[in-house]
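Here is how the chains run, residue by residue.
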Amino acid sequence: MKRVIWAVLGVGGVGKTTYIYRLLGLSLRPRVTLRPGIYRYYYGDYEMDVIDVPGQLAREVALNFSRMWSFYVDLMVYMYDVTDPASLRAIADIHSALLDTGLKPFRKAILVGNKRDLAEEIGTLIEGDEMAQAVGASKIYYISAIKDPPSELIRPILENL
């Protein structure tokens, strides 16, 4: 069994905890994340530790991550809300704050635009191609953490491990 560690970072309200809960099959309704969470998830031949970082603002998220995790993660999942341009801009702030610590704390990064279902309803989707390139993300994915099946939600992770 291959053991991997990945983290989900983004500002408050983008759906990080909802995404993780759906993958884990938890029926709990997520609340504001106040404490860091590390969840164990098994999928196929993988044993995964998933890190959920609290914080509402970009610098707070980066600081909380650097305080709780002092070594590399295999995959950094930067998440934003595809209906909120400010949440996409915050990814650059989180990324810069992480690099300000003097190291790049991940081996690989992807960008995930969440709430695709809401974007379809309102007819506006904020694309993140330029941001993905700016933060060195190898790929961008658009999902709906609340509506997509777990088999679809895990795809961005599996494709990048």
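Residues numbered from 1 in each chain as written. Predicted model: local features only at pLDDT ≥ 70, side-chain atom pairs only at ≥ 80, totals over all residues. Heavy atoms only, no water.

(A) View of the packing of helix H2 (residues 58-68) against helix H3 (residues 85-99). Interaxial distance between H2 and H3 falls to 8 Å at its minimum, and their mutual angle equals 40 degrees. As H2 runs across H3, the sense of the crossing is right-handed. Across the interface between the two elements, Ala58, Arg59, Val61, Ala62 and Phe65 of H2 pack against Ala90, Asp93, Ile94, Ala97 and Leu98 of H3. Of the residues belonging to the contact of H2 with H3, the class tally is eight nonpolar, no polar and two charged. (Axes fitted to C-alpha atoms, helices over the stretch in contact; angles between N-to-C directions. Helix = DSSP H or I, 4+ residues; strand = E, 2+ residues; numbered from the N terminus. Left-handed = near helix turned anticlockwise from the far one by under 90°. Contact = heavy atoms within 4.5 Å. Nonpolar A, V, L, I, M, F, W, Y, C, P; charged D, E, K, R; others polar.)

(B) Layout of the pairing of strand E2 (residues 37-43). Note that E2 and strand E3 (residues 46-52) share seven bridges and pair antiparallel. Among the inter-strand pairings, Arg40 is bridged to a residue of E3, identified as Asp49. What sits between E2 and E3 in their antiparallel hairpin is a turn of two residues, with Gly44 showing a positive phi close to 55 degrees. (Pairing = 2+ DSSP bridges.)

(C) How the structure looks around the pattern of salt bridges. The tally for this structure, following the rule as stated, stands at twelve salt bridges. Between Glu120 and Arg116 there is a salt bridge, with its nearest N and O atoms 3.5 Å apart. In this pair, Glu120 and Arg116 both sit in helix H4 (residues 116-122), four residues apart, roughly one turn of the helix. Residue classification places Glu120 among the exposed positions, given a relative accessible area of 58%. By relative accessible area, Arg116 is classed as partly exposed at 24%. (Salt bridge = Lys/Arg side-chain N within 4 Å of Asp/Glu carboxyl O. Buried < 20%, exposed > 50% of the residue type's maximum accessible area, 1.4 Å probe, protein only.)

(D) Molecular detail of the pairing of E3. Within E3, seven of the seven residues are buried, which leaves the element mostly enclosed by the surrounding structure. Because side chains alternate across E3, one face comprises the buried residues Tyr46, Met48, Val50 and Asp52, and the other comprises Glu47, Asp49 and Ile51, equally buried. Relative to E3, strand E1 (residues 2-9) runs parallel, the two sharing seven bridges. When the bridges of E3 are listed, Val4 appears paired with Met48.

(E) Geometry of the side chain of Asp117. Looking at where Asp117 falls in the secondary structure, it is placed in helix H4. Buried within the structure, Asp117 lacks any salt-bridge partner; Lys147 is the closest side chain of opposite charge, at an N-O distance of 4.3 Å. Contacts of Asp117, omitting those with residues within four sequence positions, involve Ser144, Ile146 and Lys147. (Lys, Arg positive; Asp, Glu negative; His and termini not counted.)

(F) Representation of the nonpolar core within the structure. Counting 53 residues, the largest nonpolar core has Trp6, Tyr19, Phe65, Met76, Tyr78 and Leu111 as its most contacted members. Per element, the largest residue contribution to this core is seven residues, and it comes from strand E4 (residues 73-81). Apart from the residues within four sequence positions on either side, Leu111 is in contact with Tyr78, Tyr80, Leu88, Ile91, Gly128, Met131, Ala132, Ala137, Lys139, Ile140 and Tyr141. (Core = buried A, V, L, I, M, F, W, Y, C linked by side-chain atoms within 4.5 Å.)

(G) Quick peek at the sheet that holds strand E6 (residues 140-142). In space, the six strands of this open sheet follow the order E2-E3-E1-E4-E5-E6, with mixed pairing throughout. Every other strand in the sheet has two partners, leaving E2 and E6 as the edge strands with one partner each. Each strand of the sheet is rotated relative to its neighbour by a mean of 25 degrees, with strand direction disregarded. Its contacts with the sheet place H2 against E1, E2, E3 and E4, and it is angled at close to 150 degrees to E1.

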